[in-house]
Amino acid sequence: MCQFIVSPAMSLLMNCKTHDDVNELWEKLSRGEEKVQCGWLKDKCGLSWQIVPIILGEILQDKDAEKSERVMKALLRMDKFDIKTLKQAYVQQSD
């Protein structure tokens, strides 16, 4: 049971190096609670967290706009971020 009231104005961001880190935090924090698009979840106390792989910032800021756009399209279809899928979108060749 939570001993405090959480404001929706507050959220926390957790950067993760590996997919195992993403999975571990996601599972520990979300246990049956609300999971939302783009790495967001609410814990049992109602606190919002965004669990983000560090590589996401790097590949979204690539000078090649097509690469960044492919990554953005991929991440918008995700709840929990999947590093392998994000990397695949990043290296995918255009037809």
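Structure shown above.
Treat the numbers as computed from the prediction; the structure is a model and nothing was measured. (Residues numbered from 1 in each chain as written. Predicted model: local features only at pLDDT ≥ 70, side-chain atom pairs only at ≥ 80, totals over all residues. Heavy atoms only, no water.)

**Student:** So what exactly am I meant to see when it comes to the environment of Ile83 here?
**Tutor:** Examined against the element boundaries, Ile83 turns out to sit in helix α4 (residues 83–91). Among the residues examined, Ile83 registers a relative accessible area of 9% and is labelled buried. A sequence separation of 45 residues divides Ile83 from Cys38, and the C-alpha atoms of the two residues are 12 Å apart. Contact partners of Ile83, with chain neighbours within four places excluded, come to Lys17, Thr18, His19, Pro53 and Ile55. (Helix = DSSP H or I, 4+ residues; strand = E, 2+ residues; numbered from the N terminus. Buried < 20%, exposed > 50% of the residue type's maximum accessible area, 1.4 Å probe, protein only. Contact = heavy atoms within 4.5 Å.)

**Student:** Which parts of the structure should I look at to understand the nonpolar core?
**Tutor:** It is characteristic of soluble globular proteins that their nonpolar side chains tend to be buried jointly. Among the nonpolar cores identified, the biggest contains 12 residues, and these are Cys38, Val52, Leu56, Ile59, Val71, Ala74, Leu75, Met78, Phe81, Leu86, Ala89 and Tyr90. The set of elements that each furnish at least two residues to this core consists of α2 (54–60), α3 (65–75) and α4. Dropping the residues within four chain positions of it, Phe81 is found in contact with His19, Val22, Cys38, Gly39, Gln50, Ile51, Val52, Pro53, Leu56, Leu75 and Leu86. Counting eight residues, the second-largest nonpolar core is a separate cluster that includes Leu29, Leu41, Trp49 and Ile51. (Core = buried A, V, L, I, M, F, W, Y, C linked by side-chain atoms within 4.5 Å.)

**Student:** Can you walk me through the side chain of Ser48 in this structure?
**Tutor:** Position of Ser48 relative to the elements: it lies in strand β4 (residues 48–53). When sequence neighbours within four positions are dropped, the list of residues in contact with Ser48 reads Met10, Ser11, Leu12, Trp40, Leu41 and Lys42.

**Student:** Any chance you could explain the sheet that holds β4 here in plain terms?
**Tutor:** Backbone-to-backbone hydrogen bonds pair the strands of a sheet. The strands run either parallel or antiparallel. Taken in spatial order, the four strands make up an open sheet running β1-β4-β3-β2, and their pairing is mixed. The outermost strands of the open sheet, each flanked by one partner alone, are β1 (11–16) and β2 (35–36). Relative to β4, β1 is paired through six bridges, and the arrangement is parallel. Following the sheet pairing, Cys16 is matched in β4 by Pro53. (Pairing = 2+ DSSP bridges.)

**Student:** Any chance you could explain helix α1 (residues 19–30) here in plain terms?
**Tutor:** Owing to its 3.6 residues per turn, the α-helix brings residues three or four apart onto one side. If you check α1, its first and last C-alpha atoms are 16 Å apart, about what 12 residues at 1.5 Å a residue would give, namely 16 Å. Buried-residue contacts for α1 involve β1, β2, β3 (40–42) and β4. (Expected span 1.5 Å × (residues − 1).)

**Student:** How should the pattern of salt bridges be read in this particular structure?
**Tutor:** Should the charged atoms of two oppositely charged side chains come close, the side chains can pair. Summed over the entire model, instances satisfying the criterion amount to two salt bridges. With its nearest N and O atoms 2.8 Å apart, the salt bridge here joins Lys28 to Glu24. Of this pair, Lys28 and Glu24 both sit in helix α1, four residues apart, roughly one helical turn. With a relative accessible area of 48%, Lys28 lands in the partly exposed category. Its salt-bridge partner being Glu69, residue Lys73 comes within 3.4 Å of it at the nearest N-O pair. With Lys73 and Glu69 both in helix α3 and four residues apart, the pair spans about one turn of that helix. (Salt bridge = Lys/Arg side-chain N within 4 Å of Asp/Glu carboxyl O.)

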